[in-house]
Amino acid sequence: MMCAWQELLTVLPPKYRRDVDKQGREEAQEVRLRLGVPPEIRLGSGSRWLSGAVSQDDLNFVVNAASHYSPWAAASISKGFLTAPGGHRIGLCGEVVSRDGEVGGMRTVSSLCIRIARDFPGIAESIPPKGNLLILGPPGWGKTTLLRDIARRLSESQQVCVVDERGELFPGGFQRGRRMDVLSLCPKVSGLDMALRTMGPECIALDEITAEADAAALFLAANCGVRLLATAHAASREEFLTRSVYRILVQNRVFDSLLILHRDKSYHAERMCT
C-alpha cells in the first residue's frame, strides 16, 4: 500500500497533525473539518473525534495550503473540490458565489472533507483484461483505487492514456505503468479528444462519468476503436441502467462488463447487457 501521508499532514492545520498521524496513519479514509466542531477521522472501523473546535482560520489554512493560489485551484473550487499534493481530494462546502445560475467560486468555506488517497498495487490481478470495463459504486467505496490498478496493469502490454481530471489517479509518487501516459488536470471531454488525436492510445482510462457530455465523449471514443476503462456512481447494474445521464452508453452498449463494488471493497462482475 502506498500513500502520500506527509503531503496530507502538510495541508492540515499544525495543531491537528500529531493526532491525525497517530490515529489515522494506517487506516484513515477521510478527515472532516467543520466550523465550530472537533475534527472527525473516518476509519474503516468507525470514526474518531479529535479535541478542539475547528476555526475559520483552520479551514482557510487547508484551502490555501492545498491550492497554492493556482489558476487550476480557482477553477476546481468552483466545482466544489480541490486536489491536494499526493492526490488527496478535498471537498468543500460553504457560501458560494454564483452568477446566472453558474457557481463561480466560494466566498467562505464552512466544511471540508479530505479523502485520503491510498494506492494498492496488485489488487486488479484477478480481473480479466478484456473489453470495455465500467466500475460502479457509491462515493468512497474504492472505484478510483481499483481503476488505477487496472490501468496500470493494462499498460504493461498496451498503450494506455489516463485522463486524470482531478489529478488524483496518478499523483506524484504513485507508481505508473511502463506504457502509460497521463493527461492531468484536464476536463474529461477535452482530454478524451486530445488523447485520441495526439497519443495513439489503445486504451483510455478516466474517473467518474458525471455528465451527459462525458458519456457522449466516451461513445465517440468507443467508435474510434479504443478500449475504455471508467467509473460511475451507481450501487447496482439496475441503478446504472435507469440513470438518464448514462443513456447513450446503455443504448449503444459501449461497455461490455461491469464491476460492482461492495462496501467492504470486494466486487463482482456482471455483463453490461443480458
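Reading the values: the criteria
Residues numbered from 1 in each chain as written. Predicted model: local features only at pLDDT ≥ 70, side-chain atom pairs only at ≥ 80, totals over all residues. Heavy atoms only, no water. Helix = DSSP H or I, 4+ residues; strand = E, 2+ residues; numbered from the N terminus. Rg over C-alpha atoms; globule rule 2.2 N^0.38 Å. Buried < 20%, exposed > 50% of the residue type's maximum accessible area, 1.4 Å probe, protein only. 1 Å grid on protein atoms, 1.4 Å probe; cavity = no way out; pocket = protein on both sides within 12 Å on 5 of 7 lines; lining within 4 Å. Points joined across faces, edges and corners; volume = space filled by probe spheres on them. Nonpolar A, V, L, I, M, F, W, Y, C, P; charged D, E, K, R; others polar. Phe/Tyr/Trp six-rings, centres within 6.5 Å; stacked < 30°, edge-to-face > 60°. Lys NZ or Arg CZ within 6 Å of the ring centre and 35° of its normal. Pairing = 2+ DSSP bridges. Axes fitted to C-alpha atoms, helices over the stretch in contact; angles between N-to-C directions. Contact = heavy atoms within 4.5 Å.

Considerations on the overall build of the chain
Along its length, the chain carries 9 helices and 13 strands. The C-alpha radius of gyration of the chain comes to 19 Å, within 12% of the 19 Å expected for a compact globule of 274 residues. Structurally, the chain occupies a C-alpha span of about 55 × 45 × 35 Å along its principal axes. Residues counted as buried form 46% of the 274 residues belonging to the chain.

Some words on the layout of surface pockets
The space that makes up the largest pocket amounts to roughly 890 Å³. Of all the secondary-structure elements, those providing two or more residues to the lining of the largest pocket are strand E1 (28-34), strand E2 (40-43) and helix H5 (143-154). Sorting elements by how many residues they give to the lining of the largest pocket places H5 first, with 5 residues. Looking at side-chain class alone, the lining of the largest pocket contains 11 nonpolar, 7 polar and 13 charged residues.

Thoughts on the packing of aromatic side chains
Applying the stated criterion to the full structure yields 1 aromatic pair. Measuring from ring centre to ring centre gives 4.7 Å for Phe-240 and Tyr-246, while their planes differ by 25 degrees; the resulting arrangement is stacked. Each member of the pair, Phe-240 as well as Tyr-246, carries the same accessibility label: buried. Geometry around Phe-81 places Arg-166 over its ring, the cationic atom sitting 4.9 Å from the centre.

Let's talk about empty space enclosed by the protein
Taken as a whole, this structure holds 1 cavity of 30 Å³ or more when the rule is applied. Approximately 50 Å³ is the volume attributed to the largest cavity. Forming the walls of the largest cavity are Val-163, Asp-164, Glu-165, Arg-166, Glu-168, Lys-188 and Asp-207.

A short note on unusual backbone geometry
The backbone phi angle of Leu-185 is positive, close to 60 degrees, even though this residue is not glycine. Classification of Leu-185 as partly exposed rests on a relative accessible area of 36%. A positive phi is found at Lys-265, a non-glycine position, where the angle reads about 80 degrees. For Lys-265, the position within the fold is in the loop between strand E12 (257-261) and strand E13 (267-271).

Quick notes on the sheet that holds E1
Read across the sheet, 6 strands follow the order E3-E2-E1-E6-E5-E4 without closing on themselves; strand pairing throughout is antiparallel. Among the strands making up the open sheet, the edge pair consists of strand E3 (46-49) and strand E4 (81-83). Averaged over neighbouring strand pairs, the angle between their axes works out to 35 degrees when direction is ignored. Of the pairings in the sheet, the one linking E4 to strand E5 (residues 89-99) comprises 3 bridges and is antiparallel in character. Within the sheet, the bridge partner assigned to Phe-81 lies in E5 and is Gly-91. Contacts from helix H2 (residues 14-24) reach E1, E2 and E3, with the element oriented near 15 degrees to E2. The strands touched by helix H3 (residues 56-67) within the sheet are E1, E4, E5 and strand E6 (102-115), with E6 carrying the most contacts at an inclination of about 100 degrees.

Quick notes on the pairing of E3
Within a regular beta strand, the side chains point alternately toward one face of the sheet and then the other, so they alternate between its two faces. With 4 bridges connecting them, E2 and E3 associate as antiparallel partners. Across the sheet, residue Arg-42 finds its bridge partner in E3, namely Ser-47. The turn joining E2 and E3, which pair antiparallel and follow one another in sequence, is formed by 2 residues.

Brief notes about the sheet that holds E12
Strand order in the open sheet formed by 7 strands is E9-E8-E10-E11-E7-E12-E13, with mixed pairing between adjacent strands. Looking at which strands have only one partner, the edges of the open sheet turn out to be strand E9 (180-184) and E13. Taking each pair of neighbouring strands and ignoring which way they run, the sheet shows an average axis angle of 20 degrees. As defined by bridge partners, strand E8 (residues 160-164) adjoins E9 across 5 bridges and the pair is classed as parallel. Note on E9: the bridge partner recorded for Asp-164 is Ser-184.

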